[in-house]
Amino acid sequence: MANRIADIGKMKNIVDRENRLRNVEVRKTAKLGTEKNPAVVHVRTDKRFKEVTSLFKEKGWKCKVLLEPDQPEDITDLERLLNPLKPTRVEKKLGRNEPCSCGSGKKYKNCCGQ
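Cut-offs used in this document
- Residues numbered from 1 in each chain as written.
- Predicted model: local features only at pLDDT ≥ 70, side-chain atom pairs only at ≥ 80, totals over all residues.
- Heavy atoms only, no water.
- Salt bridge = Lys/Arg side-chain N within 4 Å of Asp/Glu carboxyl O.
- Helix = DSSP H or I, 4+ residues; strand = E, 2+ residues; numbered from the N terminus.
- Buried < 20%, exposed > 50% of the residue type's maximum accessible area, 1.4 Å probe, protein only.
- Expected span 1.5 Å × (residues − 1).
- Core = buried A, V, L, I, M, F, W, Y, C linked by side-chain atoms within 4.5 Å.
- Polar contact = N/O pair within 3.5 Å; in protein donor to acceptor, adjacent residues only side chain to side chain.
- Contact = heavy atoms within 4.5 Å.
- Pairing = 2+ DSSP bridges.
- Right-handed = clockwise from strand over helix to strand, strands pointing away.

**Things to note about the pattern of salt bridges**
Okay, step 1: Per the stated rule, a full pass over the model turns up 4 salt bridges.
Okay, step 2: Between Asp46 and Lys50 there is a salt bridge; the shortest N-O distance is 3.7 Å. Separated by 4 residues within a single helix, Asp46 and Lys50 lie in helix H2 (residues 46–59), roughly one turn from each other.
Okay, step 3: One salt bridge connects Arg80 with Asp77, and the closest N-O pair in it is separated by 3.8 Å. Placement of both Arg80 and Asp77 in helix H3 (residues 76–82) is noted, with a separation of 3 residues, approximately one turn of the helix.
Okay, step 4: Owing to a relative accessible area of 53%, Arg80 belongs among the exposed residues under this scheme.
Okay, step 5: A relative accessible area of 14% places Asp77 in the buried class.

**Quick notes on H2**
Okay, step 1: Along its 14 residues, H2 runs 20 Å from first to last C-alpha, staying within 8% of the 20 Å computed at 1.5 Å per residue.
Okay, step 2: Where H2 ends, the next residue or the one after it, Gly60, has phi of about 80°, a positive value.

**Let's talk about the nonpolar core**
One recurring pattern in soluble globular proteins: nonpolar side chains tend to sit buried together.
Okay, step 1: If you look at the biggest cluster of nonpolar residues, it comprises 10 residues: Leu32, Ala39, Val41, Val43, Val52, Phe56, Val65, Ile75, Leu78 and Leu81.
Okay, step 2: Those elements giving two or more residues to this core turn out to be strand S1 (39–43), H2 and H3.
Okay, step 3: Top contributing element to this core by residue count: S1, with 3 residues.

**With respect to the side chain of His42**
Okay, step 1: When you line up the elements, His42 lands in strand S1.
Okay, step 2: A polar side-chain atom of His42 sits 3.2 Å from a polar atom in the side chain of Glu68.
Okay, step 3: Look past the residues within four positions of His42 in its chain and what remains in contact with it is Leu66, Glu68, Pro72, Glu73, Asp74 and Ile75.

**Considering the pairing of S1**
Across a regular strand the side chains alternate sides, sitting on one face of the sheet and then on the other.
Okay, step 1: Summarising burial for S1: 4 of the 5 residues are buried, a large majority.
Okay, step 2: Here 5 bridges tie S1 to strand S2 (residues 63–67), and the two strands are oriented parallel to one another. For Val43, the partnering residue across the bridge sits in S2 and is Leu67.
Okay, step 3: Between S1 and its parallel partner S2, the chain crosses via H2, and the hand of that crossover is right-handed.

Take a look at the structure:
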């Protein structure tokens, strides 16, 4: 009888975990400047409108350029496309048993790592 109760508990945990995984929605966003996720830019003048649309056509990016004279200009999507974020590289950490970087000749853990 004890085995059945343990098995029922395990089954309940498995079912609960599967239900939790199904309920979590993971939304992937498309790359900026594509058909599914076009860049949205707000400009104030007709001259700027033509300038921005020609830049998007030149680069082959999809966009929505809105001409709104009474709203402030918002070109953050354009700036993100022109200057994409570069991944940062993490420097190698100094291990505890490696020689200390101060040049004392001792292990890091016995010198500067205390």
